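The primary structure of each chain is shown beneath.
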Amino acid sequence: MRLNIEHKTWYAYEHQVKLSTQYLRLTPQNSVHQQILSWDLDLPCEATRTLDAYGNVLHVLTLDTPHQQLEIAARGVVEILDDGEYSPDPESILSPLVFLRATPLTLPDAAIRDFAQRYWHAEKPLASLEKLMDELLLKMPYQPGSTQVSDTAAKVFAAGSGVCQDHSHVFLACCRSLGIPARYVSGYLYTDNVEHVATHAWVEAWLDGSWHSFDITNNTRSTRQHLRLAVGVDYLDACPVRGMRLGGGGEDMLAMAAVQQVHAQQ
């Protein structure tokens, strides 16, 4: 499957910003799952490109002149190469044990630990996590606008609804409470479901020497319609755009992402 992606983020500030820095994880990489045919960033000035601690492509964009608006855009074409039931990661220099670490967003409380244990069978780890994914979506139906990006796994689990970020954080909390390394994945999703936005998040869990994908929101382990951008211990490590600024007062932010299938010419 060949996908065309366009992603734009606009910021408008109440007053002039004196200085701002944006950390952009908006550039996917080639893998056994995806081949990048073209990819471009449209930025107001040149950004520094590097790799972060998790191996993600990171662009650091610094504007050191006063500004009241900011626009960031990414676009490209990607070929999805396989059905993506698991995601081999042979070039990772990090031990999977790094992804056992709980964070403020993924700290399991007693309710989450009890929920994870209820469906865990050590002799059937993969089947157990599949069942856990099924039950988590039943307990937390997808409901846009029901949560905030700063909400913790414990908070959204108690509330009983959420979006892909919330599903991923709770699933991470469950996995880590069971001693299973698991990481947050950010990216894009091609879907005909108009309720689901194109930017997406899912989880990879380390079992039997491989990273296995779990898209809780769509109740699937297949990532044949997914484009992988970045990984981390939670949303804050892998989100496409994250920044800080000096001055500016209040702000308005608008994001737009579109993923379309490119059909081969006859």
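Residues numbered from 1 in each chain as written. Predicted model: local features only at pLDDT ≥ 70, side-chain atom pairs only at ≥ 80, totals over all residues. Heavy atoms only, no water.

Summing up its helical and strand segments, the protein has 5 helices and 11 strands in all. Computed over C-alpha atoms, the radius of gyration of the protein comes to 19 Å, within 12% of the 18 Å expected from 2.2 N^0.38 for 266 residues, which places it in the range of a compact globule. Structurally, the protein occupies a C-alpha span of about 60 × 50 × 40 Å along its principal axes. The buried share of the protein, reckoned over its 266 residues, is 48%. Considering only contacts within the protein whose residues lie at least 6 apart along the sequence, 74% involve residues at least 24 apart. Between the mean site of the 20 positive side-chain charges and the mean site of the 31 negative ones, the protein shows a separation of 4 Å. (Helix = DSSP H or I, 4+ residues; strand = E, 2+ residues; numbered from the N terminus. Rg over C-alpha atoms; globule rule 2.2 N^0.38 Å. Buried < 20%, exposed > 50% of the residue type's maximum accessible area, 1.4 Å probe, protein only. Contact = heavy atoms within 4.5 Å. Lys, Arg positive; Asp, Glu negative; His and termini not counted. Charge placed at Lys NZ, Arg CZ, Asp CG, Glu CD.)

Turning next to the packing of aromatic side chains. Summed over the entire model, instances satisfying the criterion amount to 8 aromatic pairs. Judged by centre distance (6.2 Å) and plane angle (5 degrees), the rings of Y11 and Y13 are stacked. Of the residues examined, Y11 reaches a relative accessible area of 12% and is grouped as buried. Measuring from centroid to centroid gives 5.2 Å for F171 and F214, while their planes differ by 35 degrees, and the two rings are tilted. (Phe/Tyr/Trp six-rings, centres within 6.5 Å; stacked < 30°, edge-to-face > 60°.)

Moving on: the state of the cysteines. What the rule picks out here adds up to 0 disulfides. Looking at the unpaired C239, the closest cysteine sulfur is the one in C164, lying at 12 Å. (Disulfide = S-S within 2.5 Å.)

With respect to the helices, strands and loops of the structure, D52 is situated in the loop between β3 (48–51) and β4 (57–63). Owing to a relative accessible area of 13%, D52 belongs among the buried residues under this scheme. Here the side chain of D52 touches R25 through a polar contact of 2.8 Å, side chain to side chain. If sequence neighbours within four positions are ignored, D52 has contacts with R25, L58 and D237. (Polar contact = N/O pair within 3.5 Å; in protein donor to acceptor, adjacent residues only side chain to side chain.)

Membership of the largest hydrophobic core comes to 56 residues, with the highest contact counts inside it found for L129, V170 and F171. In terms of residues, this core owes the most to one element, helix α4 (residues 164–177), which gives 7 residues. Core analysis: the second largest hydrophobic core is formed by 7 residues, F99, W202, W211 and V233 among them. (Core = buried A, V, L, I, M, F, W, Y, C linked by side-chain atoms within 4.5 Å.)

Space left empty within the atom packing is revealed by a probe, the size of a water molecule, rolled over the atoms. One number sums up the size of the largest pocket: a volume of about 1,000 Å³. Elements represented by at least two residues in the lining of the largest pocket include exactly β1 (2–24), α4, β6 (182–189), β7 (199–207), β10 (241–247) and β11 (251–261). Grouping the constituent residues of the lining of the largest pocket by class yields 19 nonpolar, 16 polar and 4 charged. (1 Å grid on protein atoms, 1.4 Å probe; cavity = no way out; pocket = protein on both sides within 12 Å on 5 of 7 lines; lining within 4 Å. Points joined across faces, edges and corners; volume = space filled by probe spheres on them. Nonpolar A, V, L, I, M, F, W, Y, C, P; charged D, E, K, R; others polar.)

Looking now at the pattern of salt bridges. Evaluated as defined, the whole model comprises 9 salt bridges. Across the salt bridge formed by E204 and R228, the nearest N and O atoms sit 3.2 Å from each other. Remark: R228 occurs in strand β9 (residues 226–232) and E204 occurs in strand β7; sequence separation between them is 24 residues. Judged by relative accessible area, which is 23%, R228 ranks as partly exposed. (Salt bridge = Lys/Arg side-chain N within 4 Å of Asp/Glu carboxyl O.)

This brings us to the sheet that holds strand β8 (residues 210–214). Reading across from one edge, β8-β7-β6-β9 is the order of the 4 strands in this open sheet, with antiparallel pairing throughout. Bordering the open sheet on either side are β8 and β9, each of which pairs with just one other strand. Neighbour to neighbour, the strand axes of the sheet diverge by 35 degrees on average, direction disregarded. In this fold helix α2 (residues 125–139) packs onto β7 and β8, with an angle of close to 20 degrees to the strand it touches most, β8. (Pairing = 2+ DSSP bridges. Axes fitted to C-alpha atoms, helices over the stretch in contact; angles between N-to-C directions.)

Shape descriptors only; they carry no functional weight alone.
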